[in-house]
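Each chain, written out:
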Amino acid sequence: MSRFQIHDDLTAPEGSMPILKGALSTAGQLPNFLGVLAGSPAALRGYARFRQELRHGTLPIGTLERLALAVAEHHGSAPGIAMHSRTARQAGLGLDEVALARKFKSKDEHQQRMLDYIRSLVVDREKPPMHLHEEAREDGWTDEQLLEAIAFVSMETFTAMINVAGDVPVDGSTEDTRTLRAA
């Protein structure tokens, strides 16, 4: 059971309603994470704006899903692992790549360079060694892509932290205290 209320279109604060209605109209079902985040209209708006801007980035979907899986696993975010395992498969990653991504690994050397670079920030919590920065660039990752990856990982870290702190249930699970309603 979530530590935070999982809001829907009937219980969310008024300031969260425009974003929730948009999410319901595109997805049909409100993810538990967004239902929790709706408890703070400012946090929900900030998250939505950040995510919207990153959608216009240059990173391939497979890279984004690998990064999201690694971050979710690192933080122990069950909802993140479940969702990104599903979306990674839809993006064309095989089961072996999904499993590897959860460990900051990939069979694809190009992807591995990015994962190595980001791992130093997330796991080691330090400035990436210069050799990792240079290797990523030499392998074709641009400064724009490295910066987008850092931004994306920070957003996924925020998501994982909400999921973990709130003990947010995996989407599709049932909670006695919640009834899902469509807008």
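Here the structure is a predicted model, which is why all the values come from computation and not from measurement. (Residues numbered from 1 in each chain as written. Predicted model: local features only at pLDDT ≥ 70, side-chain atom pairs only at ≥ 80, totals over all residues. Heavy atoms only, no water.)

*Asks:* I keep staring at the packing of aromatic side chains and nothing clicks. Help me out?
*Replies:* Two numbers describe a pair of aromatic rings. These are the distance of the centres and the angle of the planes. Inspection of the entire model under this criterion finds three aromatic pairs. Between F33 and F158, the aromatic rings sit 6.5 Å apart at their centres with planes inclined by 85 degrees, giving edge-to-face as the arrangement. One end of the pair, F33, is in helix α2 (residues 32-37); the other, F158, is in helix α9 (residues 143-165), and 125 residues separate them in sequence. Members of the aromatic cluster, each reached through a chain of ring pairs, are F33, Y47 and F158. (Phe/Tyr/Trp six-rings, centres within 6.5 Å; stacked < 30°, edge-to-face > 60°. Helix = DSSP H or I, 4+ residues; strand = E, 2+ residues; numbered from the N terminus.)

*Asks:* What's the story with the layout of surface pockets in this structure? I'm lost.
*Replies:* One simple way to see leftover space: roll a probe sized like a water molecule over the atoms. In this structure, the largest pocket encloses a volume near 980 Å³. Lining the largest pocket we find 40 residues, and of these L34, Y47, R51, R55 and M83 sit closest to its centre. Of all the elements in the fold, those that place two or more residues in the lining of the largest pocket are α1 (17-27), α2, α3 (41-54), α4 (61-75), α5 (78-90) and α9. Residue classes in the lining of the largest pocket are distributed as 21 nonpolar, 12 polar and seven charged. (1 Å grid on protein atoms, 1.4 Å probe; cavity = no way out; pocket = protein on both sides within 12 Å on 5 of 7 lines; lining within 4 Å. Points joined across faces, edges and corners; volume = space filled by probe spheres on them. Nonpolar A, V, L, I, M, F, W, Y, C, P; charged D, E, K, R; others polar.)

*Asks:* Would you explain the nonpolar core in this entry?
*Replies:* Across soluble globular proteins, nonpolar side chains have a tendency to be buried as a group. Ranked by size, the top nonpolar core spans 38 residues in total, and within it L20, L34, L67, M114, I118 and F152 carry the most contacts. Residue assignment for this core shows that the elements contributing at least two residues are α1, α2, α3, α4, α7 (109-122), α8 (130-138) and α9. The element best represented in this core is α9, accounting for seven residues. Not counting chain neighbours up to four residues away, the residues in contact with F152 comprise R51, L54, L64, L67 and A68. In terms of nonpolar packing, the next biggest core, distinct from the first, is built from five residues, L69, A88, L93 and A101 among them. (Core = buried A, V, L, I, M, F, W, Y, C linked by side-chain atoms within 4.5 Å. Buried < 20%, exposed > 50% of the residue type's maximum accessible area, 1.4 Å probe, protein only. Contact = heavy atoms within 4.5 Å.)

*Asks:* Is there a simple way to explain the packing of α7 against α9 in this structure?
*Replies:* Helix-helix packing: each pair is described by the crossing angle between the helix axes and the interaxial distance. Contact geometry for α7 and α9: axes closest at 11 Å, N-to-C directions at 45 degrees. It follows that α7 is oblique to α9 by the angle criterion. Here α7 and α9 pass one another in a crossing that is right-handed. Counted together, M114, Y117, I118, L121 and V122 of α7 and Q145, L146, A149, I150 and V153 of α9 form the full contact between these two elements. When the residues that make up the contact of α7 with α9 are grouped by side-chain class, the tally is nine nonpolar, one polar and no charged. (Axes fitted to C-alpha atoms, helices over the stretch in contact; angles between N-to-C directions. Parallel < 35°, antiparallel > 145°, perpendicular 65-115°, else oblique. Left-handed = near helix turned anticlockwise from the far one by under 90°.)

*Asks:* Please clarify how unusual backbone geometry should be interpreted in this entry.
*Replies:* Negative phi is the rule for most residues except glycine; trans is the rule for most peptide bonds. One non-glycine residue, F104, lies in the positive phi region at around 60 degrees. Owing to a relative accessible area of 4%, F104 belongs among the buried residues under this scheme.

*Asks:* Help me understand the pattern of salt bridges in this model?
*Replies:* Any two side chains of opposite charge can pair, given that their charged atoms come close. One pass over the full model with this rule turns up six salt bridges. The salt bridge partner of D143 is R137, with a shortest N-O separation of 2.7 Å. The partly exposed category is assigned to D143, whose relative accessible area is 37%. Residue R137 is classed as partly exposed on the basis of its relative accessible area, which comes to 42%. (Salt bridge = Lys/Arg side-chain N within 4 Å of Asp/Glu carboxyl O.)

*Asks:* I tried to follow α3 on my own but got confused; where do I start?
*Replies:* Quick reminder: α-helices carry 3.6 residues per turn. Residues three or four places apart thus point the same way. Taking 1.5 Å of rise per residue, 14 residues should cover 20 Å, and α3 covers 20 Å from first to last C-alpha, within 8% of that figure. Turning to α3, its buried residues number three or more, namely L44, Y47, R51 and L54. In an axial view of α3, the angular spread of the buried residues amounts to 100 degrees, which keeps them on one side of the axis. In α3, the exposed residues that point more than 90 degrees away from the buried face are R49 and E53. (Expected span 1.5 Å × (residues − 1). Arc of directions from axis to C-beta.)

This is a description of form; function is not addressed.
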